[in-house]
Amino acid sequence: MSLHDDAVSVLEGYDEPDPQQKELRGTYLDHLAGHPDGMWKACGAGHLTASALVIDPERGRVLLTLHRKLRMWLQMGGHCEPQDTTLAAAARREATEESGITGLVLLPGGPVRLDRHPIPGPCHWHLDVQYAAMASAGAVERISDESLDLRWFPYDEVAGVADASVVRLLERTRARLGHGR
């Protein structure tokens, strides 16, 4: 199965009740149907990306990266690579590379959210498939070249440093964990 096929399968199985998420799911599937290269950075119409919110539920905190180019606190993530066999593998690889934490485990149940956001040209859209990754107790982070900073934030501080998409990702992750808001 190709990465493109995996993405279609993952998105077909993504069933969130939120009407905006349902609409995005349709947008992503339409994009993949119309663009065989829709997984890759070279696709000028936009491309899927994979990200993961690194979370330490025992301590009630998340690890965010201060993105070098965007200068925003974000979850770990980025472009799919030829060696990625699944969207989940791409999200875990990106989270591991950008956090320096090995042994991350994706939260069961597939993607937590979808988020479509504009980016500078030549390609103008990231169609992000967002997962959550659990860090083990005692995990030690290490900053990557893609970051200006890497920091753990208590849940209640995330809204003060990150944009609404990260806040929504944290809310959905906590709901899936059964931790409420």
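Scroll up to find the structure this text is about.
Focus on the overall build of the protein chain
Part 1 of the argument: Summing up its helical and strand segments, the protein chain has 5 helices and 8 strands in all.
Part 2 of the argument: In summary, the protein chain has a C-alpha radius of gyration of 15 Å against a globular reference of 16 Å for 181 residues, a match within 12%.
Part 3 of the argument: Seen through its principal axes, the protein chain has C-alpha atoms that stretch 45 × 35 × 30 Å.
Part 4 of the argument: Counting the 181 residues in the protein chain, one finds 48% classified as buried.
Part 5 of the argument: Restricting the contact set of the protein chain to residue pairs at least 6 apart, pairs at least 24 apart contribute 66%.
Part 6 of the argument: Element-wise, carbon and sulfur atoms account for 53% of the exposed surface of the protein chain, whose accessible area totals about 8800 Å².
Part 7 of the argument: Seen as two clouds, the 19 positive and the 26 negative side-chain charges of the protein chain have centres 4 Å apart.

Comments concerning the nonpolar core
Part 1 of the argument: Residues Met-39, Leu-48, Val-54, Leu-87, Ile-101 and Tyr-131 are the most contacted members of the largest nonpolar core, which totals 33 residues.
Part 2 of the argument: Those elements that provide at least two residues to this core are helix H1 (3-13), helix H2 (19-34), strand E1 (47-56), helix H3 (87-99), strand E7 (125-134) and strand E8 (147-154).
Part 3 of the argument: The residues touching Val-54, leaving out its near neighbours within four places in the chain, are Arg-61, Val-62, Leu-63, Met-76, Ala-95, Ile-101, Leu-104, Ala-133, Ala-135 and Trp-152.
Part 4 of the argument: By size, the runner-up hydrophobic cluster in this structure holds 18 residues, among which are Trp-73, Val-158, Val-166 and Val-167.

Examining H1
Part 1 of the argument: When we look at burial in H1, the residues that qualify are Leu-3, His-4, Asp-6, Ala-7, Val-10 and Leu-11. Buried residues of H1 fall within an arc of 160° about the axis and therefore sit on the same side.
Part 2 of the argument: At its buried positions, H1 is contacted by H2, E1, H3, strand E6 (113-118) and E7.

Considerations on the environment of Ser-136
Part 1 of the argument: Summarising the element assignment, Ser-136 is placed in the loop between E7 and E8.
Part 2 of the argument: In this structure, the C-alpha to C-alpha distance between Ser-136 and Ile-101, residues 35 residues apart in sequence, is 9.0 Å.

Observations regarding the environment of Ser-144
Part 1 of the argument: Looking at the secondary structure, you find Ser-144 in the loop between E7 and E8.
Part 2 of the argument: On the basis of relative accessible area, Ser-144 is assigned to the buried category, the value being 15%.
Part 3 of the argument: The residues contacting Ser-144, other than those within four sequence positions of it, are Glu-97 and Glu-98.

What counts, and where the lines are drawn
- Residues numbered from 1 in each chain as written.
- Predicted model: local features only at pLDDT ≥ 70, side-chain atom pairs only at ≥ 80, totals over all residues.
- Heavy atoms only, no water.
- Helix = DSSP H or I, 4+ residues; strand = E, 2+ residues; numbered from the N terminus.
- Rg over C-alpha atoms; globule rule 2.2 N^0.38 Å.
- Buried < 20%, exposed > 50% of the residue type's maximum accessible area, 1.4 Å probe, protein only.
- Contact = heavy atoms within 4.5 Å.
- Areas by Shrake-Rupley, 256 points an atom, 1.4 Å probe, with all protein chains shown as cover.
- Lys, Arg positive; Asp, Glu negative; His and termini not counted.
- Charge placed at Lys NZ, Arg CZ, Asp CG, Glu CD.
- Core = buried A, V, L, I, M, F, W, Y, C linked by side-chain atoms within 4.5 Å.
- Arc of directions from axis to C-beta.

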